[in-house]
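# Examining the three-dimensional arrangement
Here's the letter readout for the chains.
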Amino acid sequence: MTWRLETPRVLVVDLDGSKGSAVRARTGSMVAYEGDVQFKNAGAGGGGGLRAALKQRVTGESLPLMGVTGRGSVHFAVGAGHLLVLDLAGDVLKVESESLLCLAEGLRTDVTFTGLQGASSGQGLFTTTVTGHGQVALLSLGGPPIALRVSPQHPLVVDPDAYVGAVGNLSQSFVTDVSWRNLVGESSGEAFSLRFEGQGVVYIQPEER
């Protein structure tokens, strides 16, 4: 099985029909395919099982995925969004569920709590985690995704409306003494940003949601 970006907006997965040659993809993201390929609902919790399904239902962090198997080439895209393919090697990826396009069958998904102050963001209280070994494709509907490295010497502060995901040994907290929104007329509600510390990479989109 191989993954390739045919364009910055279209992911192609070549399935060889062997054991382990399967992916889970966002429901409805297939735009074309060639060969003998089967599609089916990934099941409870987007393939994560009953526990994941219950957590998604309670938290609202829905993850509608379809299982894709067989032999052939499948093209995936959503809303002409820009794509980013990551190769996880036991890492933990935290990503907004709406930004998850496709993941290798062997990867596991779950939902984790992000903090009470997430309630004032469109991102909500919870985020999806992806763990294991394999490839995963992220979707950015606000332009080409940007990778920003975080180190112990250089923490990073991000607008939650630009945040896509993060990978690495990172801790996340909320910064509430934010004044920049007032400068652009966004002062209604509690203004805050996401602060990341540790070692890893944070992915953002250049256009806010």
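Scroll up to find the structure.
Now for a quick tour of the structure. (Residues numbered from 1 in each chain as written. Predicted model: local features only at pLDDT ≥ 70, side-chain atom pairs only at ≥ 80, totals over all residues. Heavy atoms only, no water.)

### Section: the packing of aromatic side chains
As enumerated under the stated definition, the model contains 2 aromatic pairs in all. With 5.2 Å between their ring centres and 65° between their planes, Tyr33 and Phe39 make a pair best called edge-to-face. Assessed through its relative accessible area of 40%, Tyr33 is described here as partly exposed. Note on Tyr163 and Phe196: the rings are 5.6 Å apart at their centroids and 25° apart in plane angle, and the pair reads as stacked. With Tyr163 in strand S12 (residues 163-175) and Phe196 in strand S13 (residues 193-204), this pair connects stretches of sequence that are 33 residues apart. An identical accessibility class is assigned to Tyr163 and Phe196; each is buried. (Phe/Tyr/Trp six-rings, centres within 6.5 Å; stacked < 30°, edge-to-face > 60°. Buried < 20%, exposed > 50% of the residue type's maximum accessible area, 1.4 Å probe, protein only. Helix = DSSP H or I, 4+ residues; strand = E, 2+ residues; numbered from the N terminus.)

### Regarding the nonpolar core
Membership of the largest hydrophobic core comes to 34 residues, with the highest contact counts inside it found for Leu11, Phe76, Leu93, Leu101, Cys102 and Val136. Elements with a minimum of two residues in this core: strand S2 (10-16), strand S3 (23-26), strand S5 (65-76), strand S6 (82-95), strand S7 (100-104), strand S9 (126-140), S12 and S13. Once you skip the residues sitting within four places of it in the chain, Leu93 turns out to touch Leu86, Leu88, Thr128, Thr129, Val130, Val136, Leu138, Ala166 and Val167. By size, the runner-up hydrophobic cluster in this structure holds 13 residues, among which are Val158, Ala166, Val202 and Ile204. (Core = buried A, V, L, I, M, F, W, Y, C linked by side-chain atoms within 4.5 Å. Contact = heavy atoms within 4.5 Å.)

### Here we look at the environment of Phe76
Looking at the element boundaries, Phe76 is found in strand S5. For the pair Phe76 and Leu11, spaced 65 residues apart in sequence, the C-alpha to C-alpha distance is 5.1 Å.

### Topic: unusual backbone geometry
Even without a glycine there, the phi angle at Ala80 is positive, about 55°. Mapped onto the fold, Ala80 is located in the loop between S5 and S6.

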